[in-house]
Amino acid sequence: MSSRLSPLAAPAFRYFFVGQVVNRAGSSMAGVALAFAVLDIDDSAASLGAVLAASSVPTVVFMLLGGAIADRLPRAVVLRGCNLIQGVLQAATAGLVLSGHAEIWHLVLLQLAAGTVFAVSYPAFLGMVPILLPVEERKAAFLLIGQAQSAVSILGPSLSGVLVATVGPGWALAADAATYLVAAGLLALVRLPPGDRSNASSTVIGDFLAGWAFARQLGWVIPAASAALVFNALVSGAIGVLGPTIAADTIGSQGWGVAQSGQAVGVFVAAFFLAKVTLRVPLRAIMIAFAVWCVPMLVLGTHVSVWLLTGAFVVAGAALSLLDLAWNLTVQEKVPEEMLSRIMAIDGFFSFVATPIGQLVVGPLALAFGAGRVELGCFALAVAVAAFAATRRRITDVRLAPPVTASG
């Protein structure tokens with residue numbers, strides 16, 4: 001019988017898991033450090049926006065091709081190579097910041113390169129669990145990864161803040177660079193037989209087109225990803241942009257930080273309960289979870305208090321844990337191994353491309369109608385989209401097989 005920690009008994013998964021936890025710890029520190037590094041050079045929101053956009057734009061542009069590359073080559077090798085490159089890029093960033101020679105254009109170029117590499121590493125990472133573990137261990141593995149990532153997401157930004165305040169952002173960036181190299185080293189210990197690539201096309205573009213055709217053939221991938229686009233646009237705008245604005249006038253930046261940490265707590269705690277839950281209609285569960293993910297909008301649009309908003313984020317985190325698990329279980333059951341990264345990349349593309357849409361649209365709407373009304377409108381739209389999607393045949397017809405238990 002699979003237990004919550006049983007996936008760690010497999011050496012290959014154990015190396016992969018530890019490497020990714022270390023990597024995520026560094027990445028959770030890097031966001032705070034990079035922001036303050038930029039602001040130390042030029043105290044300008046425009047400069048910070050340019051550096052952040054430099055990473056997100058190539059991620060969106062190259063995500064679908066990145067999925068084809070991750071399916072074409074051994075994923076552990078792809079992921080190891082990406083970690084090495086990202087480690088070198090982050091080390092260069094840290095070196096420039098520590099030496100006092102960093103300029104905004106340096107950081108923009110380095111983030112452009114980092115975003116391009118991430119477009120390949122992201123789908124490779126999402127396709128790893130099904131090749132590392134048997135079916136009966138995968139649910140526990142997905143939950144374990146989610147819990148570990150949520151735990152370091154709580155601690156990482158706080159540690160980064162301490163480093164930035166005491167020794168400067170360059171050292172926090174250097175720590176992030178080191179975590180990439182540690183992860184690459186651990187992935188070097190992962191030994192896996194090569195997957196079957198007999199159906200691969202002669203070119204990466206051919207593989208990409210084959211993946212897109214397979215997604216359309218499945219019937220549910222693009223509708224589900226399209227719904228995710230709407231929800232990500234709503235969350236990135238109503239919570240990512242308007243949330244801090246509303247918090248600044250009510251609970252302050254510290255209250256906002258406390259409230260947002262509730263989401264990681266929700267992810268962590270929900271995993272214990274989801275381990276005992278059997279999902280039968282996963283995509284319908286995802287649509288409901290998407291709507292619940294938007295609950296903080298309801299609080300932001302009515303009465304904002306630290307503890308009420310924190311509770312809303314805890315609920316949102318639990319919903320995130322459910323939808324991540326449901327999506328991972330669906331894809332690993334319905335998609336053959338050689339197509340996994342391409343299907344995950346399609347979902348990732350829709351998710352990432354929606355972020356700037358929400359961020360750009362929500363500001364003018366708030367000026368026209370008021371931030372509170374926009375929050376409530378976004379929540380109402382989220383509920384309407386979830387209710388509509390949850391009743392579509394292409395969503396409700398997707399069923400998971402009964403859970404498989406390990407013998408012995």
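Above this text is the structure in question.
Model, not experiment: these values are computed from the prediction.

Which residues make up the overall build of the protein chain, and what are the values?
Along its length, the protein chain carries 17 helices and zero strands. Dimensions of the protein chain along its principal axes, counting C-alpha atoms only, are 55 × 50 × 40 Å. Counting all 408 residues of the protein chain, 49% fall into the buried class. Contacts in the protein chain between residues at least 24 apart in sequence constitute 89% of all its contacts with a sequence separation of at least 6. Across the protein chain, the centroid of the 21 positively charged side chains sits 12 Å from that of the 18 negatively charged ones.

So what's going on with the pattern of salt bridges? Residues and values would help.
Applying the stated criterion across every chain yields a total of six salt bridges. Glu-337 is paired through a salt bridge with Arg-75; the nearest N and O atoms lie 2.9 Å apart. Taken together, the residues Glu-337 in the loop between helix H14 (306–334) and helix H15 (340–369) and Arg-75 in helix H3 (residues 75–99) connect sequence positions 262 residues apart. Classification of Glu-337 as partly exposed rests on a relative accessible area of 24%. Accessibility expressed as a relative area gives 2% for Arg-75, which makes it buried. A salt bridge links Arg-393 to Asp-397; the shortest N-O distance between them is 3.1 Å.

Run through helix H9 (residues 221–238), naming residues and quoting values.
The terminal C-alpha atoms of H9 lie 26 Å apart, and with 18 residues this matches the ideal 26 Å at 1.5 Å per residue to within 8%. With 13 of 18 residues buried, H9 is to be regarded as a mostly interior element.

Requested: an account of the packing of H3 against helix H7 (residues 169–187), with residues and values cited.
Where H3 meets H7, the closest approach of the two axes is 8 Å, and the angle between their N-to-C directions is 160 degrees. Considering their axes alone, H3 and H7 lie roughly antiparallel with respect to each other. Considering the relative orientation of H3 and H7, their crossing is left-handed. Across the interface between the two elements, Leu-79, Arg-80, Asn-83, Leu-84, Gln-86, Gly-87, Gln-90, Ala-91, Thr-93, Ala-94, Val-97 and Leu-98 from H3 touch Pro-169, Gly-170, Trp-171, Leu-173, Ala-174, Asp-176, Ala-177, Tyr-180, Leu-181, Ala-183, Ala-184 and Leu-187 from H7. The residue makeup of the contact of H3 with H7, split by class, is 16 nonpolar, six polar and two charged.

Outline the nonpolar core, supporting the account with residue identities and numerical values.
Where a protein is soluble and globular, its nonpolar side chains tend to be buried together. One finds Phe-13, Phe-16, Phe-231, Met-287, Met-297 and Leu-309 to be the most contacted residues of the largest nonpolar core, which totals 99 residues. In terms of residue count, the dominant contributor to this core is H14 (12 residues). When near neighbours in sequence (up to four residues on either side) are disregarded, Phe-231 contacts Phe-290, Ala-291, Trp-293, Cys-294, Ala-382, Val-385 and Ala-386. Met-29, Ala-37, Leu-48 and Leu-173 belong to the second-largest nonpolar core, a separate cluster that totals 15 residues.

For the packing of aromatic side chains, give the residues involved together with the corresponding values.
Tallied over the full model, the rule gives 12 aromatic pairs. Here the aromatic rings of Phe-13 and Phe-16 are separated by 6.2 Å at their centres, their planes lie at 50 degrees, and the arrangement is tilted. Of this pair, Phe-13 and Phe-16 both sit in helix H1 (residues 11–41), three residues apart, which is roughly one turn of that helix. With a relative accessible area of 0%, Phe-13 lands in the buried category. Arranged with centres 5.5 Å apart and planes meeting at 40 degrees, the rings of Phe-118 and Tyr-122 form a pair that is tilted. Of this pair, Phe-118 and Tyr-122 both sit in helix H4 (residues 104–126), four residues apart, which is roughly one turn of the helix. Phe-118 sits in the partly exposed class, given a relative accessible area of 29%.

Conventions we followed
- Residues numbered from 1 in each chain as written.
- Predicted model: local features only at pLDDT ≥ 70, side-chain atom pairs only at ≥ 80, totals over all residues.
- Heavy atoms only, no water.
- Helix = DSSP H or I, 4+ residues; strand = E, 2+ residues; numbered from the N terminus.
- Buried < 20%, exposed > 50% of the residue type's maximum accessible area, 1.4 Å probe, protein only.
- Contact = heavy atoms within 4.5 Å.
- Lys, Arg positive; Asp, Glu negative; His and termini not counted.
- Charge placed at Lys NZ, Arg CZ, Asp CG, Glu CD.
- Salt bridge = Lys/Arg side-chain N within 4 Å of Asp/Glu carboxyl O.
- Expected span 1.5 Å × (residues − 1).
- Axes fitted to C-alpha atoms, helices over the stretch in contact; angles between N-to-C directions.
- Parallel < 35°, antiparallel > 145°, perpendicular 65-115°, else oblique.
- Left-handed = near helix turned anticlockwise from the far one by under 90°.
- Nonpolar A, V, L, I, M, F, W, Y, C, P; charged D, E, K, R; others polar.
- Core = buried A, V, L, I, M, F, W, Y, C linked by side-chain atoms within 4.5 Å.
- Phe/Tyr/Trp six-rings, centres within 6.5 Å; stacked < 30°, edge-to-face > 60°.

The analysis is restricted to geometry; functional conclusions fall outside its scope.
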